[in-house]
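Below are the chains, spelled out letter by letter.
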Amino acid sequence: QKEVEQDPGPLSVPEGAIVSLNCTYSNSAFQYFMWYRQYSRKGPELLMYTYSSGNKEDGRFTAQVDKSSKYISLFIRDSQPSDSATYLCAMSFSNTGNQFYFGTGTSLTVIP
Amino acid sequence: DAGITQSPRHKVTETGTPVTLRCHQTENHRYMYWYRQDPGHGLRLIHYSYGVKDTDKGEVSDGYSVSRSKTEDFLLTLESATSSQTSVYFCAISESVNTIYFGEGSWLTVV
């Protein structure tokens, strides 16, 4: 079983829709949770990170962590065609040598 | 953008030849990583470094070696390239446990 599981999609939504992207994980010791966006033929870029449980909002993006369920989500409000990309979740421990664990990514297409 | 430069960005090479990919950072981050990304597998860690001359293996290290002689440079060498090493390779850097930054990728084709 992989440490981090992510549905690969693909996910296709109309412009303006609310998008929900999710990851589950198996190791309850993860403390930091990150979301990356990767455009085609580009490197992943950090969208946001959260520490432990709770929500974090940045513009149209909201990250949620539910540690009791070992489940994290990224919500995109008012989705735009420019949001079309692959989204990767990542996790790390608080104090063990900067090791990161990635989901395989969910491909999102926002249709104009 | 994080100051990470990968070279070459694209390369075609023949089976059995050695190949070196270079990663250069301007952020003075302690940790540097090499990942490969393949459909269905996502990002897989090849090797990483936690300081000059300090390196360790990742989950897919067979056939790869690395060196870090300066804080800013991390080299990945495919000792004898095989077709299974055709992939896109990403260098990444990190200073804190909550963020890792990626380069733009190096596309390698082994024919």
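Here goes a summary of the coordinates provided. What you see is a predicted model, and the numbers here were worked out from it, not measured in a lab.

## As for the overall build of chain A
Reasoning step 1: Helix and strand content of chain A: zero helices and 11 strands.
Reasoning step 2: If you list the helices and strands of chain A from N to C, you get β-β-β-β-β-β-β-β-β-β-β.
Reasoning step 3: For a compact globule of 112 residues, the expected C-alpha radius of gyration is about 13 Å, and chain A comes in at 14 Å, within 12% of that figure.
Reasoning step 4: Within chain A, the fraction of its 112 residues that count as buried is 44%.
Reasoning step 5: The long-range fraction of contacts in chain A, counting pairs at least 24 apart against all pairs at least 6 apart in sequence, stands at 55%.
Reasoning step 6: With 9 positive and 10 negative side-chain charges, chain A shows a separation of 6 Å between the mean positions of the two kinds.

## Let's talk about the sheet that holds strand β7 (residues 61-66) of chain A
All names here are of chain A.
Reasoning step 1: Taken together, five strands build an open sheet; the order of strands is β1-β3-β8-β7-β6 and the sheet is antiparallel. Every other strand in the sheet has two partners, leaving β1 (4-6) and β6 (54-58) as the edge strands with one partner each. On average, each strand axis in the sheet is tilted by 15 degrees relative to the strand beside it, whichever way the strands run.
Reasoning step 2: By the bridge criterion, five bridges tie β6 to β7 in an arrangement that is antiparallel. When the bridges of β7 are listed, D58 appears paired with F61.

## Concerning the packing of aromatic side chains
Reasoning step 1: A full pass over the atoms with the stated rule returns 19 aromatic pairs over all chains.
Reasoning step 2: Measuring from centroid to centroid gives 6.3 Å for Y48(B) and Y50(B), while their planes differ by 45 degrees, and the two rings are tilted.
Reasoning step 3: For Y48(B), a relative accessible area of 12% puts it in the buried group.
Reasoning step 4: Look at Y50(B) and you get partly exposed, because its relative accessible area is 31%.
Reasoning step 5: Each residue in the set Y36(A), F100(A), F102(A), Y31(B), Y33(B), Y35(B), Y48(B), Y50(B), F90(B), F102(B) and W107(B) is aromatic and connected to the rest through ring pairs, giving one cluster.
Reasoning step 6: Above the ring of Y49(A), the side-chain terminus of K56(A) is found at 4.4 Å from the ring centroid.

## So, the pairing of strand β5 (residues 42-51) of chain B
All names here are of chain B.
Reasoning step 1: Counting buried residues in β5 gives nine out of 10 residues, a clear majority hidden from the surface.
Reasoning step 2: Taking the residues that link successive antiparallel strands as the turn, the strand β4 (residues 31-38)-β5 hairpin has three residues, and the phi of G40 there is positive, at about 85 degrees.
Reasoning step 3: Relative to strand β6 (residues 54-57), β5 runs antiparallel, the two being bridged by four bridges. Across the sheet, residue G51 finds its bridge partner in β6, namely D54.
Reasoning step 4: The loop that links β5 with its antiparallel partner β6 comprises two residues; one of these, K53, has a positive phi angle of about 65 degrees.

## A closer look at the interface of chain B and chain A
Reasoning step 1: Counting from both sides, the interface comprises 24 residues of chain B and, opposite them, 21 residues of chain A.
Reasoning step 2: We note a salt bridge from K42(A) to E104(B), for which the minimum N-O separation is 3.8 Å.
Reasoning step 3: Linking chain B with chain A are eight residue pairs in polar contact (both at pLDDT 80 or more).
Reasoning step 4: Elements supplying a minimum of two residues to the side of chain B that touches chain A: β4, β5, β9 (87-94) and β10 (101-102) of chain B.
Reasoning step 5: Residue composition of the side of chain B that touches chain A, grouped by class: 12 nonpolar, 10 polar and two charged.

## Observations regarding the pattern of salt bridges
Any two side chains of opposite charge can pair, on the condition that their charged atoms come close.
Reasoning step 1: Across all of its chains, the model carries eight salt bridges over all chains by this definition.
Reasoning step 2: As a salt-bridge pair, R60(A) and D83(A) come within 2.8 Å of each other at their nearest N and O atoms. One end of the pair, R60(A), is in the loop between β6 and β7; the other, D83(A), is in the loop between β8 (71-76) and β9 (85-92), with 23 residues separating them in the sequence.
Reasoning step 3: Notably, a salt bridge pairs R36(B) with D38(B), separated by 2.8 Å at the nearest N-O pair. Both residues of the pair, R36(B) and D38(B), belong to the buried class.
Reasoning step 4: Each of the salt bridges in this network shares a partner with another, and the network as a whole consists of R22(B), K70(B) and D73(B).

Rules used in this analysis
- Residues numbered from 1 in each chain as written.
- Chains lettered and ligands numbered in written order.
- Predicted model: local features only at pLDDT ≥ 70, side-chain atom pairs only at ≥ 80, totals over all residues.
- Heavy atoms only, no water.
- Helix = DSSP H or I, 4+ residues; strand = E, 2+ residues; numbered from the N terminus.
- Rg over C-alpha atoms; globule rule 2.2 N^0.38 Å.
- Buried < 20%, exposed > 50% of the residue type's maximum accessible area, 1.4 Å probe, protein only.
- Contact = heavy atoms within 4.5 Å.
- Lys, Arg positive; Asp, Glu negative; His and termini not counted.
- Charge placed at Lys NZ, Arg CZ, Asp CG, Glu CD.
- Pairing = 2+ DSSP bridges.
- Axes fitted to C-alpha atoms, helices over the stretch in contact; angles between N-to-C directions.
- Phe/Tyr/Trp six-rings, centres within 6.5 Å; stacked < 30°, edge-to-face > 60°.
- Lys NZ or Arg CZ within 6 Å of the ring centre and 35° of its normal.
- Salt bridge = Lys/Arg side-chain N within 4 Å of Asp/Glu carboxyl O.
- Polar contact = N/O pair within 3.5 Å; in protein donor to acceptor, adjacent residues only side chain to side chain.
- Nonpolar A, V, L, I, M, F, W, Y, C, P; charged D, E, K, R; others polar.

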